[in-house]
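Structural characterization, general
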Amino acid sequence: MLRGEIISPGVVEGILHLLTQAAFVPPRRATVLPGEEKNEVERFRQHVDSLVEDFQATVKRLESASLSAEAEIVRSHILILQDPELHSRVETSILQAQLAAEAAVEHALEEIIYLFEESENAVLSERAPDLRDLGMHLQRKLGYNQAPPLSSLPADDSGIVVANVELLPSFVLEALAADVRGFIVEKGTALSHAAILAKSFGLPVLRIPRVDLLRRHEGTRVLVDARQGELLIDPDPEEVTHRTTKLRTLRDQALSSRLSPTVARLWLSIVDPMQLKDVDWTGIEGVGLYRTEMLFIHDHQRWPSEEEQTRLYRKAFEYGGTRLITIRTLDIGADKPLPYLSFGPQDNPALGLRAHRLYRFHPEIAITQIRAILRAASGTHRLRLLFPMLECVEEWHAVQELVHQATASLRVDGIPFQEQFEQGVLIETPSAVWDFPRFLNVVDFASVGTNDLVQYLFAVDRNNANVARAYRPAHPVVLKVLRELADQARQAGKPLSVCGEIAGEAWFIPLLIGLGITDLSVPVPRSQETLIQLAQLQASECRELAQKCLIADTVSEVRTRLGRQDPATQVKESGSERPGEAVDPVCKMTVHTVGNPLAVTQGDMRYYFCSSRCMDLFLHR
Ligand code: PEP
Ligand code: MG
């Protein structure tokens, strides 16, 4: 049994097949003969057109399955393929350096990927794998081997595919066609586009540190348990039955015991209303957090109009029926920049212009969004409007002025909108914690954004691998803060939820309940298991556990009491590098790969270092 990180949850059994990097890239020609350049440019254009057609067919397929967010990912690939900058780089290399189209594409994409990976802009650096994926598609079109790698799998067994490259969106789409049941990969994060796709299609994906170790198990039956984070090689059939049926049985039991009150209410966190399409609402209160940034980040090179926003938000209400839908106003900035907006000079984006701080310069953005939300909720729908990052009550009054302007202007325009709605604050900063008693005098409800709250409590970047150990959601300090917030909300009679990632972490949930948290908002794929867990928990046991953890001195004491490994061990095991990153084998610091001259190749492994000191120690070890 091997342990791995869950990129997309699920449990599945199948035959193990290894795909190596070589399977993805056909042999390439490097140059063209003099005089052939123009034909080569033409060949490049034809293949781009043909690839665009393939992608357009995929977009149609996804849209007819109502997978609009997924279709949008593929549509963004079409935009990259048609990008004039890419064309000009490739065509210049062909015409001026007589590079063959294959080599010119590789060269151009390498440069663009380098720029993306080096970019401070998190959205751009997350897009680097998409570019690599496109590069592979183009290479395949241009080369002789046109068959997608997954179609080379034996037709009669649905496989578990092991790839020593990172999970890419195209693998997931090809997987659907090739009846692949699950993936084992070496790289990639649960936040990547590919992971979003895999989750939408229910395709389990595990990331394990050294997939080459699986080579000797090629053709063996395995069980991917991407609920427990385990890969079982040649598992006992009883174990397989147990693990694959456990979820279904537990869910049925949980639903049948639904009449007895559970220890907390469950809500869904979404980024796109389409995620609500197939939701089974049994036992679920409504939407606890709709992060609205996706429309602004992915779908546009410009601000979306009020009409577009209204149409999209209305879908959430349509899918939710009369359930409460909590919509968060735009939290743009920091790790969510916008390609079409300059945030000005910022040495420290996480402490800079983000969320409502931007509304001060562009109130019309917030007013338009609030108008769209209120319009979308008109009729019998139930809306909760949630404001992110408010640091103190003064900021509450500032956003109330925007709400007032939105409602007043809708009345003047004679447009129907929802007049009855609740308003709440997302507690994400230490100052908001201290101002919580005053917030409780004005809000209808509150939610704790623990992802940011932990970042700001410990002054530690939530996205930086080298300080990941200082990011401590289970620290007694955080627990005390949460208990304090829960006590104050209860005394004020106002609902308080937790909507950060820890709300969906099975190991953390009993602790949250014990601290007095009554509402959890979790991502859709986590909802069924969380529902089962909540039906099984006893409030008194949770309170006892919380008491023990609150008096702990350190985060590792808390983790031990929760039956978790110490994070130090976890970091080493996880191999959690992102594209363009590697772990220095000597000091274990995450370092850049692109543009890093401190690199050594040994066998088929390439190692990168933070300094010549580590490199020397490695070479002379
Ligand atoms: C949070 O910070 O916990 C949160 C819910 O907001 P986001 O992760 O979108 O910043
Ligand atoms: Mg946040």
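Residues numbered from 1 in each chain as written. Chains lettered and ligands numbered in written order. Predicted model: local features only at pLDDT ≥ 70, side-chain atom pairs only at ≥ 80, totals over all residues. Heavy atoms only, no water.

**Examining the sheet that holds strand E13 (residues 422-427)**
The strand order around the closed barrel formed by eight strands is E9-E10-E11-E12-E13-E14-E15-E16, and the pairing between neighbours is parallel. Shown here is a sheet whose adjacent strand axes are inclined to one another by a mean of 30 degrees, direction ignored. One ladder, built from four bridges, connects strand E12 (residues 382-387) with E13; its direction is parallel. Counterpart to Phe387 in the pairing with E13 is Val425. Contacts between helix H18 (residues 476-492) and the sheet are confined to E13, strand E14 (445-448) and strand E15 (496-498), with E15 contributing the most and set at about 155 degrees to the helix. (Pairing = 2+ DSSP bridges. Helix = DSSP H or I, 4+ residues; strand = E, 2+ residues; numbered from the N terminus. Axes fitted to C-alpha atoms, helices over the stretch in contact; angles between N-to-C directions. Contact = heavy atoms within 4.5 Å.)

**Examining the coordination of the magnesium ion (ligand 2)**
In the first shell of the magnesium ion (ligand 2), the protein supplies Glu428 (OE) and Asp452 (OD), at 2.0 Å from the metal. With Glu428 in the loop between E13 and helix H15 (430-434) and Asp452 in helix H17 (residues 450-457), the pair connects residues that are 24 residues apart, well separated along the chain. Both residues of the pair, Glu428 and Asp452, count as buried. (Donors = N, O, S within 2.8 Å, 3.2 Å for Na, K, Ca; no water. Buried < 20%, exposed > 50% of the residue type's maximum accessible area, 1.4 Å probe, protein only.)

**Remarks on the packing of helix H4 (residues 84-97) against helix H5 (residues 101-118)**
It is at 8 Å that the axes of H4 and H5 come closest, and there the two elements cross at 135 degrees. Viewed along their axes, H4 and H5 adopt a mutual orientation that is oblique. Judged by the sense of rotation from one axis to the other, the crossing of H4 with H5 is right-handed. From H4, Leu86, Arg89, Val90, Ser93 and Ile94 reach across to H5, where they touch Ala101, Ala104, Val105, His107, Ala108, Leu109, Glu111, Ile112 and Leu115. Classifying every residue of the contact of H4 with H5 by side-chain character gives ten nonpolar, two polar and two charged. (Parallel < 35°, antiparallel > 145°, perpendicular 65-115°, else oblique. Left-handed = near helix turned anticlockwise from the far one by under 90°. Nonpolar A, V, L, I, M, F, W, Y, C, P; charged D, E, K, R; others polar.)

**Here we look at the state of the cysteines**
For the structure on display, the rule yields zero disulfides. We note that Cys610 lacks a disulfide partner, and the nearest cysteine sulfur, in Cys587, lies 3.9 Å from it. For Cys610, a relative accessible area of 32% puts it in the partly exposed group. In this structure Cys614 is not part of a disulfide, and its nearest cysteine sulfur, from Cys610, lies 3.9 Å away. (Disulfide = S-S within 2.5 Å.)

**Some details on the site of ligand 1**
Close to ligand 1 lie 14 residues; Arg291, Glu428, Gly449, Asn451 and Arg462 are nearest. In this structure, an oxygen atom belonging to ligand 1 sits 2.7 Å away from a side-chain N or O atom of Arg291. Within the backbone of Thr450, one N or O atom sits 3.1 Å away from an oxygen atom of ligand 1. For ligand 1, whose free accessible area comes to 290 Å², the fraction covered by protein is 99%. Elements with a contribution of two residues or more to the shell around ligand 1: strand E10 (284-291) and H17. Per element, the largest residue contribution to the shell around ligand 1 is three residues, and it comes from H17. Its residues placed into classes, the shell around ligand 1 shows two nonpolar, four polar and eight charged. (Near = heavy atom within 4 Å. Polar contact = N/O pair within 3.5 Å; in protein donor to acceptor, adjacent residues only side chain to side chain. Areas by Shrake-Rupley, 256 points an atom, 1.4 Å probe, with all protein chains shown as cover.)

**Focus on the packing of aromatic side chains**
What the rule picks out here adds up to seven aromatic pairs. When the ring of Tyr290 is compared with that of Tyr313, the centres are 5.9 Å apart and the planes differ by 80 degrees; the resulting orientation is edge-to-face. With a gap of 23 residues between them, Tyr290 in strand E10 and Tyr313 in helix H11 (residues 306-320) connect regions that are remote in the sequence. You can call Tyr313 buried: its relative accessible area is 0%. An angle of 85 degrees between the planes, with centres 5.1 Å apart, marks the rings of Trp303 and Tyr340 as edge-to-face. Of this pair, Trp303 sits in the loop between helix H10 (293-297) and H11 while Tyr340 is found in the loop between strand E11 (324-328) and helix H12 (356-359), placing the two residues 37 residues apart along the sequence. A relative accessible area of 28% places Trp303 in the partly exposed class. When the ring centre of Trp507 is taken as reference, the NZ or CZ atom of Arg559 above it lies at 5.1 Å. (Phe/Tyr/Trp six-rings, centres within 6.5 Å; stacked < 30°, edge-to-face > 60°. Lys NZ or Arg CZ within 6 Å of the ring centre and 35° of its normal.)

**Focus: the side chain of Ser8**
Locating Ser8 in the fold gives a position in strand E2 (residues 5-8). Owing to a relative accessible area of 0%, Ser8 belongs among the buried residues under this scheme. At 2.8 Å, the side chain of Ser8 forms a polar contact with the backbone oxygen of Leu203. With sequence-adjacent residues up to four places away left out, Ser8 is seen in contact with Ala198, Lys199, Leu203, Pro204, Val205 and Ala226.

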